[in-house]
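Listed here are the chains, written in short residue letters.
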Amino acid sequence: MAGDLWQGRIVIVGASLAGLRAAETLRQEGFTGSLTVVGDEPHPPYDRPPLSKQVLLGQAAASTTGLPMRRDPDAEWRLGVAATGLDPMEKQVLLADGDTLPFDRLLIATGTRARPWPNPEEAALDGVFTLRTRDDGGGLAERLAAGPRRVLVIGGGFTGSEIASACRERGLEVTVAERGPGPLVGALGGTLSKLAAAMHRAHGVDLRCGVTVTGLRGDGSGRFTGADLSDGSRVDADVCVVALGAMRNVEWLADSGLAAGPRGIACDAGCRAFNMYGIVTDDVFVAGDVSRFPHPLFDYQMLSLEHWGNAVTQAEVAAHNMVHPGPMRRPHLTVPTFWSCQFGLNIKSVGVPTFSDEVVIAQGSLEERRLAMVYGYRGRVTAAVTVNMAKSLEYYQRLIETAAPFPPAVGAADRPMAAEVPIPSAVPDPKGLYHGPTVALTGHLPDRRLTVVRPTG
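Calculation criteria
Residues numbered from 1 in each chain as written. Predicted model: local features only at pLDDT ≥ 70, side-chain atom pairs only at ≥ 80, totals over all residues. Heavy atoms only, no water. UniProt positions renumbered as here; feature names shortened; annotations may be inferred. Axes fitted to C-alpha atoms, helices over the stretch in contact; angles between N-to-C directions. Helix = DSSP H or I, 4+ residues; strand = E, 2+ residues; numbered from the N terminus. Left-handed = near helix turned anticlockwise from the far one by under 90°. Contact = heavy atoms within 4.5 Å. Nonpolar A, V, L, I, M, F, W, Y, C, P; charged D, E, K, R; others polar. Core = buried A, V, L, I, M, F, W, Y, C linked by side-chain atoms within 4.5 Å. Buried < 20%, exposed > 50% of the residue type's maximum accessible area, 1.4 Å probe, protein only. Pairing = 2+ DSSP bridges. Right-handed = clockwise from strand over helix to strand, strands pointing away. Salt bridge = Lys/Arg side-chain N within 4 Å of Asp/Glu carboxyl O.

Per an unreviewed UniProt entry, the protein is named FAD-dependent oxidoreductase, and its organism is Streptomyces chiangmaiensis. Taken from UniProt, the Cofactor (unreviewed entry) comment for the protein reads in full: "FAD".

Set out below in structure tokens:
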């Protein structure tokens, strides 16, 4: 009942999926206090997955990707203004327009942004894009519709691969440059990366692996014309999409005293933020892509996710815990899931594929391009990925949740496991890739910025 709930002033920083779902959940739980949602973009909350799919294919306009509201959150929306700082002592959020927002409890849901091309002058060339925001998607879709001679995609992760797939579906020539050994290898390991590479090439993608882009070229009027590669070759193209992964939006928290760093903001399983001393707060909560949280299925390591489903479920847990007393709070223990459609393949994953040392194909085969691959770590199932076999995923999720032995037992496969010898999962160090995993384990500790000074003498 509302009378049993905590009531006060709540500020949510981040007006995307997690921020919206948290605001809705707060009202659904019976919260009647002041609620303000801050967003640095001028647009109301919108859905990002269609940007690399329907929007690039010209099947939907970027302006039509707004998220439906499940209920009116009755919030004050401060859109188009970024948060620039947090004063935890005065309990205030500092805004770019010079205003301050007082709060009693704060939810940080600032998410991620696209990692830019490292050379600002080259990144500013006309024809060089990243893909993260609604404006990014609209601008890139417009350029693709104009029919460029060739598109260069830098990075073979999920976003880069989906962009390449959309280009080929539009009939555009496309080159993908990936520093690692293959597309998707950082997220799914070596075996499925081979399938991904074969699909790229079968659909006419000029796939270049094991190379880096050493520079972007422009003409005298500032238009992108091509790129130089580390193997001495050159790619002539009219459009370049930089798909180098995501950066957590934590810079505004540099002086906040929170455990915020490049891998996100550390929080406990109840979504309460840690400070830099490892002490959990009770008035600052975290949800969505910007969070790092411990998960018992993965050795209680801190888990960072960039997935739609996690943003929703974690926001709902955080909102619940913000207004309920300790004994009624619940943990965020959802098993990570994500999906991607590219080159006619429907790829779905559950668990953490990078938390593995072996894999086995339990159903189907690479040749059929229809399979279920199960990942194991130290003798237990930790993840599964299906390709055009999504109905099997729920079964493998139960295996992960019960720490079932790896390789899977009889009944978990369409052939005797004795016939399939597990092989190394071949997950490379992400430092050697253009693309990193969208789900990653980041150790056991919150980020620390402390220097221990020991007395001398």
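*Asks:* Sorry if this is basic, but what is going on with the packing of helix H1 (residues 17-28) against helix H7 (residues 308-323) here?
*Replies:* Packing of H1 against H7 leaves a shortest axis separation of 8 Å and a crossing angle of 35°. As for the relative orientation of H1 and H7, their crossing is right-handed in sense. Only Trp308, Ala311, Val312, Ala315, Glu316, Ala319, Met322 and Val323 of H7 make contact with H1, whose side of the interface consists of Leu17, Ala18, Arg21, Ala22, Thr25 and Leu26. Looking at the contact of H1 with H7 residue by residue, the classes come out as 11 nonpolar, one polar and two charged.

*Asks:* What is the right way to read the nonpolar core from this model?
*Replies:* When a protein is soluble and globular, its nonpolar side chains tend to lie buried together. Formed by 47 residues in total, the largest nonpolar core has its most connected members in Val93, Leu106, Ile108 and Ile265. Ranked by size, the runner-up nonpolar core spans 45 residues in total, among them Leu172, Met199, Ala243 and Val385.

*Asks:* Which parts of the structure should I look at to understand the UniProt feature "domain: FAD/NAD(P)-binding" (unreviewed entry) in the protein?
*Replies:* Mapped onto the present numbering, the UniProt feature "domain: FAD/NAD(P)-binding" (unreviewed entry) falls on residues 9-315. Structurally, residues 9-315 comprises 21% helix and 31% strand, and the distance from its first C-alpha atom to its last is 17 Å.

*Asks:* Help me understand the pairing of strand S11 (residues 173-178), please; the structure alone is not making it clear to me.
*Replies:* Along any regular strand, the residues point their side chains to alternate faces of the sheet. Burial runs high along S11: five of the six residues are buried. Bridge count for strand S10 (residues 150-154) against S11 is five bridges, and the pairing is parallel. Note that in S11 the partner of Arg150 across the bridge is Glu173. You can see the chain leave S10, run along helix H4 (residues 158-169) and come back into S11, and the turn it takes is right-handed.

*Asks:* What exactly am I supposed to notice about the sheet that holds strand S28 (residues 380-387) here?
*Replies:* The strands making up a sheet are joined through hydrogen bonds of the backbone, oriented either antiparallel or parallel. Taken together, the six strands give an open sheet; going across it, the order is S24-S25-S28-S27-S26-S29, and neighbouring strands pair in antiparallel fashion. At either end of the open sheet lies a strand with only one pairing partner, and these are strand S24 (337-342) and strand S29 (423-424). Two elements, strand S27 (residues 370-377) and S28, share seven bridges in a ladder whose sense is antiparallel. Across the sheet, Met373 pairs through a bridge with Val385, a residue of S28. Across the sheet, helix H8 (residues 393-401) lies against S24, strand S25 (345-351), strand S26 (358-365), S27 and S28, angled at about 165° from S28, the strand it touches most.

*Asks:* Looking at this structure, I do not really get the pattern of salt bridges. What am I missing?
*Replies:* A side chain of one charge can pair with a side chain of the opposite charge when the charged atoms of the two come close. Enumeration according to the criterion identifies 27 salt bridges in this entry. The shortest N-O distance in the salt bridge between Glu41 and Arg48 comes to 3.5 Å. Taking the relative accessible area as the measure of exposure, Glu41 reaches 16% and is therefore buried. Of the charged contacts in the structure, one is a salt bridge between Asp283 and Lys91, with a shortest N-O distance of 3.2 Å.

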